[in-house]
Amino acid sequence: ENAYDFSVNQPLRRDPGTVGNYNNCDPHVTGSIVKNTLDNMGEDILTWPQKAIYDKIGIQSMTMEVDGVGNPLSAAYAYATTRDWARLGQLYLQNGIWNGERLLSREYMGLVRGPAPTWSNSGVWERVPAYAGQVWLDGFDPNPNNPWPEDTYSMRGIEGQYVLIIPSQELVIVRLGYGAGDNPVTGVDNAEASLFEAGPVLFDALNHKVDKKSLEVEQTLRQFFDLLEKRDVDGLYKVTTDDFYLYEHGEYWSLDKLLKAIDDDVSNQWILTQMQTDRQGSLATIVYRNTGAFTNANGENEEYEWLESANFKRVDGTWKLSFLHSSRIE
């Protein structure tokens, strides 16, 4: 009758923070928290998503079934057209920003792509993809036929419904269909197997074939900006060469100078798109577009765009960033 009350009042099976496990009650608990928050804001959980998110990105078909008292069944039973699921995936691909407006917070997007802290303790990481913030991390799928880059994550529905988000390929893939359950003979997920076969073909068709070594370079660049966002100084020194510097507006910036320049910001985030990678032996270059979102100490938000190129060296088997050239788009 009331899925939220039922889920919230279930006894704990394990101590919090000890074991990772997927269970439908968990999204219902999250739904209950969202509903209580919206109630306190004077908003309706049934209409607020359309007003706050869907209308702004062009989604008009999204429908969620409700329980006996009108709570959306947040663990499943969401219906939309293929194009509308693709629009939602595109919002995630763009790190929560649509037409320059942030619709999903930086904190939420960080939660989405970060593995659940206790998932590796559950004993299932080796058998299924890792779980994160209401999505599956398909890049960590142990299946030897897995074609997806490490940054791939997905929304999944019953019987093989998928929205795959692949930032390194700037790609969203939607698969909807009926009756795509496990093969009763082989135990293979038919929908997943079909996607595994289609992935490499699709990459070839887009003329953007996955090159594992080039992806390693791109992952290093993304890692650099993730660490910069977190102000992880030790981590930044590990992914850069000793002689690393940034050139922007006629000035040369060391890593220390760069960290001091952004230290006044309360938060910052970078979105990297349109990557083109050229790799020759132990050297590599990436040309890309960078969108930076900043919040200063006064709570003011600013966003800028740059065209950038980054040079890398392979040092002791690891790619490290050696030089970054940045030109701001006025």
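Shown above is the structure to which this text applies.
What you see is a predicted model; the values in this text were computed from it and never measured.

## Observations concerning helix α3 (residues 48–57)
- Among the residues of α3, A52, I53, Y54 and I57 are the ones counted as buried. Projected down its long axis, α3 shows its buried positions confined to an angular sector of 140 degrees, all on one face.
- Of the surrounding elements, those touching the buried residues of α3 are α4 (82–93) and β3 (97–98).
- G58 lies just past α3 and shows a positive phi near 90 degrees.

## Points about unusual backbone geometry
- Residue N99 is not a glycine yet carries a positive backbone phi of 50 degrees.
- Locating N99 in the fold gives a position in the loop between β3 and β4 (101–102).
- Positive phi outside glycine occurs at R231, with the angle close to 60 degrees.
- Residue classification places R231 among the partly exposed residues on the basis of a relative accessible area of 25%.

## Description of the side chain of E308
- Structurally, the position occupied by E308 is in strand β14 (residues 301–315).
- No salt bridge is formed by the buried E308, whose closest oppositely charged neighbour, R328, lies at an N-O distance of 10 Å.
- Here the side chain of E308 touches N290 through a polar contact of 3.0 Å, side chain to side chain.
- A polar side-chain atom of E308 sits 2.8 Å from a polar atom in the side chain of S326.
- Filtering out sequence-adjacent residues up to four positions away, E308 remains in contact with F225, I286, V287, Y288, N290, L324, H325 and S326.

## Examining the environment of V239
- By secondary structure assignment, the location of V239 is in helix α8 (residues 233–239).
- Look at V239 and you get buried, because its relative accessible area is 8%.
- Separated by 73 residues in sequence, V239 and F312 have C-alpha atoms that sit 9.8 Å apart.
- Among residues more than four places away in sequence, those in contact with V239 are T220, Q223, F224, L227, K320 and L321.

## Brief notes about the layout of surface pockets
- What the second largest pocket holds in volume is close to 1200 Å³.
- Lining the second largest pocket are 42 residues; nearest its centre among them are N95, R113, P167, R222 and D226.
- When contributions to the lining of the second largest pocket are tallied by element, the ones reaching two or more residues are α4, β3, α5 (106–113), α7 (212–230), β12 (265–280), β13 (283–296) and β14.
- The biggest single contributor to the lining of the second largest pocket is α7, with ten residues.
- Within the lining of the second largest pocket, the residues separate by chemical class into 15 nonpolar, 14 polar and 13 charged.

Reading guide: rules and limits
Residues numbered from 1 in each chain as written. Predicted model: local features only at pLDDT ≥ 70, side-chain atom pairs only at ≥ 80, totals over all residues. Heavy atoms only, no water. Buried < 20%, exposed > 50% of the residue type's maximum accessible area, 1.4 Å probe, protein only. Helix = DSSP H or I, 4+ residues; strand = E, 2+ residues; numbered from the N terminus. Arc of directions from axis to C-beta. Contact = heavy atoms within 4.5 Å. Lys, Arg positive; Asp, Glu negative; His and termini not counted. Salt bridge = Lys/Arg side-chain N within 4 Å of Asp/Glu carboxyl O. Polar contact = N/O pair within 3.5 Å; in protein donor to acceptor, adjacent residues only side chain to side chain. 1 Å grid on protein atoms, 1.4 Å probe; cavity = no way out; pocket = protein on both sides within 12 Å on 5 of 7 lines; lining within 4 Å. Points joined across faces, edges and corners; volume = space filled by probe spheres on them. Nonpolar A, V, L, I, M, F, W, Y, C, P; charged D, E, K, R; others polar.

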